[in-house]
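Next come the chains, spelled out residue by residue.
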Amino acid sequence: MPTSTITIDVELGKDKVPEKIYWNATDSSADNAQQAKAMLLAFWDAADKSALRIDLWTKDMMVDEMADFFYQTIMTMADTYNRATQQPELVADMKKFAKDFFNKFRELQAKETK
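Rules used in this analysis
Residues numbered from 1 in each chain as written. Predicted model: local features only at pLDDT ≥ 70, side-chain atom pairs only at ≥ 80, totals over all residues. Heavy atoms only, no water. Helix = DSSP H or I, 4+ residues; strand = E, 2+ residues; numbered from the N terminus. Rg over C-alpha atoms; globule rule 2.2 N^0.38 Å. Buried < 20%, exposed > 50% of the residue type's maximum accessible area, 1.4 Å probe, protein only. Contact = heavy atoms within 4.5 Å. Areas by Shrake-Rupley, 256 points an atom, 1.4 Å probe, with all protein chains shown as cover. Lys, Arg positive; Asp, Glu negative; His and termini not counted. Charge placed at Lys NZ, Arg CZ, Asp CG, Glu CD. pLDDT = per-residue confidence, 0-100. Phe/Tyr/Trp six-rings, centres within 6.5 Å; stacked < 30°, edge-to-face > 60°. Salt bridge = Lys/Arg side-chain N within 4 Å of Asp/Glu carboxyl O. Expected span 1.5 Å × (residues − 1).

Enquirer: Outline the overall build of the protein chain, supporting the account with residue identities and numerical values.
Expert: When helices and strands are tallied, the protein chain shows two helices and five strands. Ordered by position from the N terminus, the helices and strands of the protein chain form the series β-β-β-β-β-α-α. Here the C-alpha radius of gyration of the protein chain, 17 Å, is well above what a compact globule of 114 residues would show, namely 13 Å. On the principal axes, the C-alpha backbone points of the protein chain span a range of 45 × 40 × 35 Å. Residues classed as buried in the protein chain amount to 17% of the 114 residues present. Relative to all contacts within the protein chain whose residues are 6 or more apart in sequence, the contacts with residues 24 or more apart total 30%. When the accessible surface of the protein chain is totalled, it reaches about 9200 Å², and 56% of it is carbon and sulfur. Each charge sign in the protein chain was given a centre, from 15 positive and 19 negative side chains, and these centres are 6 Å apart.

Following this line, the structure appears as structure tokens:
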């Protein structure tokens, strides 16, 4: 059976805070590892019925980038949930939450910059 390998390399600073994140996949069309400022990785442990997660972001990830990253992640999670379950009402709720979250972030950011 064919396999694909995903490699994640994290450069840590002296305080063990991620400074750079690189990833590559054997099935990727990219020749070199891709750089990222943040990553969210989750695995479902069926035996324990729990999510095992790795959440990392670099020290230069800006707050507005993090808000956008979460918005996009929640939206794509909703799309994935829709493909897996065909429950459009729950998908709509997830997308509404994502939009409300991002709008509230922008409102808070606008107040802070006044």
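Enquirer: How would you summarise the confidence of the model for the protein chain if you had to cite specific residues and measurements?
Expert: The pLDDT averaged across the protein chain works out to 94; a share of 100% of its residues lies at or above 70. Here strand S3 (residues 34-36) stands out as the least confident element of the protein chain, with mean pLDDT 95; helix H1 (residues 63-85) is the most confident, with 97.

Enquirer: Tell me what's going on with the packing of aromatic side chains, and back it up with residues and numbers.
Expert: Going through the model one piece at a time under the given rule, you end up with four aromatic pairs. A ring pair is formed by Phe-69 and Phe-70, whose centres lie 6.1 Å apart and whose planes are at 85 degrees; its orientation type is edge-to-face. Following the ring pairs from residue to residue traces out a cluster consisting of Tyr-71, Phe-102 and Phe-105.

Enquirer: So what's going on with the pattern of salt bridges? Which residues, and what values?
Expert: This structure, assessed with the given rule, holds five salt bridges. Note that Lys-96 is salt-bridged to Asp-100, the shortest N-O span being 2.6 Å. In this pair, Lys-96 and Asp-100 are both assigned in helix H2 (residues 88-112), four residues apart and thus about one turn of the helix distant.

Enquirer: Kindly report on H1, identifying the contributing residues and their values.
Expert: When the terminal C-alpha atoms of H1 are compared, their 32 Å separation across 23 residues agrees well with the 33 Å that a helix rising 1.5 Å per residue should span. Each element contacted by the buried residues of H1 is listed here: strand S4 (38-45), strand S5 (50-57) and H2. Two residues or fewer after H1 comes Gln-86, characterised by a positive phi angle close to 55 degrees.

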